[in-house]
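Fold and geometry: a report
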Amino acid sequence: MFRIVERQRVNPEVNRFVIEASIIAQKRQPGQFVVFRLHEKGERIPITIADADAQAGTITVYVQELGKTTFQMGRMNAGDEIADVIGPLGNPTPIEKLDGEVFAIAGGVGSAEVLPIARKHKEAGNKVIAILGYRSKDIVILEEEFRSFADEVYVTTDDGTYGREGFVTTELKDHLEKGRPIAEIIAVGPAIMMKAVCDLTRHYNIKTMVSLNSIMIDATGMCGVCRVEVGGETRYACVHGPEFDGHKVNFDLLLKRLASFKEEEKISLERYQAAVGAQDA
Ligand SMILES: Cc1cc2nc3c(=O)[nH]c(=O)nc-3n(C[C@H](O)[C@H](O)[C@H](O)COP(=O)(O)OP(=O)(O)OC[C@H]3O[C@@H](n4cnc5c(N)ncnc54)[C@H](O)[C@@H]3O)c2cc1C
């Protein structure tokens, strides 16, 4: 069992959890994730390791309430225990000193996923520019954390309630048009946002890595559920990724596969919310 040490609601739909998992905390590297199973009959959900404290033996994750399991996790508190935490999984992000700037682009809870990667790039001596996009002001997270180390931070909101009105691509386009010396872009967020970033950067021929959030079950390469098409070949996001060259990803197929179980997911969440009662929902 893995004890939750801290739980903090960081916006109306995202919780930050600090969880005891000492071996994972010692081994994890930026870009890697864990798979949670909340209880013995629970489903498996993959979540990125946003931070870790090797000495305290804890990992930090940010979980957005999207469906039944993430909603259920959002009702857990410090002192509660998670049945399984498996990891670290996936390939660490390759990070080295680059000849040029690194743009870290995040959408929503993707900010938590790109944070450790951006920080490591800074430690490697790279100039890091962060572009963080959210639907509106009330769901902005981690801005201060990025400001503590990044060379430049830009925030966009879809509705213009904070930062620049528009999408991350609105901001990115300006930097591309100015001809900034960009060595690499890493984009993490909803599939549709990563697709938009790649559609834009393709014209400028700038390396753009994306972290794919395909539906994943066993995360060992056995079940094949997280398969994605990259460069015309089948790849498993869990063992070959989760990061891939975004210009080679078949995003239309990914978007279709992500929507495969929409109806079942909706029913499952409604049943769970009805069972726990309106006051918790
Ligand atoms: C490598 C990886 C890292 C991720 N990191 C984070 C993170 O740091 N924070 C975060 O909030 N979310 C992260 N996700 C997404 C997270 O796993 C899903 O939101 C979660 O599994 C949804 O489960 P649910 O039962 O609450 O929702 P459901 O109602 O089951 O599904 C809601 C939506 O979530 C997606 N989803 C459902 N099941 C899975 C699954 N087993 N694997 C992946 N996606 C699924 C689908 O798009 C689905 O439509 C990550 C996904 C991957 C693949």
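Residues numbered from 1 in each chain as written. Predicted model: local features only at pLDDT ≥ 70, side-chain atom pairs only at ≥ 80, totals over all residues. Heavy atoms only, no water.

**A few points about the domain arrangement of the protein**
Where we set the bar: In this document the domain limits rely on a domain assignment from an automatic tool or a database. Here, two residues are considered to be in contact whenever any of their heavy atoms come within 4.5 Å of each other. Here the buried area means the combined drop in accessible surface, using a 1.4 Å probe, for two parts upon being joined, counting both sides.
Entries for the protein in the domain assignment read domain 1 (2-89) and domain 2 (101-211). For domain 1 and domain 2, the distance between their C-alpha centroids amounts to 24 Å. Counting residues at the interface gives 14 residues for domain 1 and 12 residues for domain 2. Taking both partners together, domain 1 and domain 2 bury about 1,100 Å²; carbon and sulfur atoms supply 62% of that area.

**Quick word on unusual backbone geometry**
Condition: Strands here mean DSSP runs of E at least two residues long; helices mean DSSP runs of H or I at least four residues long; both are numbered from the N terminus. With a 1.4 Å probe rolled over the protein chains alone, any residue whose accessible area is under 20% of its type maximum counts as buried; one over 50% counts as exposed, and the rest are partly exposed.
In this structure, the amide linkage connecting Gly87 to the following residue, Pro88, adopts the cis form with an omega of 0°. Cis rather than trans, the peptide bond between Gly241 and Pro242 has omega equal to 10°. Structurally, Pro242 can be placed in the loop between helix H7 (237-240) and strand S17 (243-245). We note that Leu142 has phi near 65°; this positive angle belongs to a residue other than glycine. For Leu142, the location among the structural elements is in the loop between strand S10 (128-134) and helix H4 (143-147). A relative accessible area of 7% places Leu142 in the buried class. For Asn205, which is not glycine, the phi dihedral falls at a positive 55°. Along the chain, Asn205 turns up in the loop between helix H6 (191-202) and strand S14 (208-211). Note on Asn205: relative accessible area 69%, which makes it exposed.

**Looking at the pattern of salt bridges**
This is how it is decided: Salt bridge, as applied in this entry: a Lys or Arg side-chain nitrogen positioned within 4 Å of an Asp or Glu carboxyl oxygen.
Tallying each qualifying case throughout the model produces 22 salt bridges. For Asp51, the salt bridge is made with Arg28, and the minimal N-O distance between the two is 3.9 Å. A residue pair is termed long-range when its members are at least 10 positions apart, and Asp51 in strand S5 (residues 51-53) and Arg28 in the loop between helix H1 (22-27) and strand S3 (33-37) qualify at 23 residues. Under the relative-accessibility criterion, Asp51 is labelled partly exposed at 33%. Two residues, Glu171 and Arg164, come together in a salt bridge whose shortest N-O distance is 3.1 Å. Looking at Arg164, the relative accessible area reads 31%, which means it is partly exposed. Overlapping salt bridges, with partners in common, bring together Glu101, Lys127, Glu152 and Arg180 in one network.

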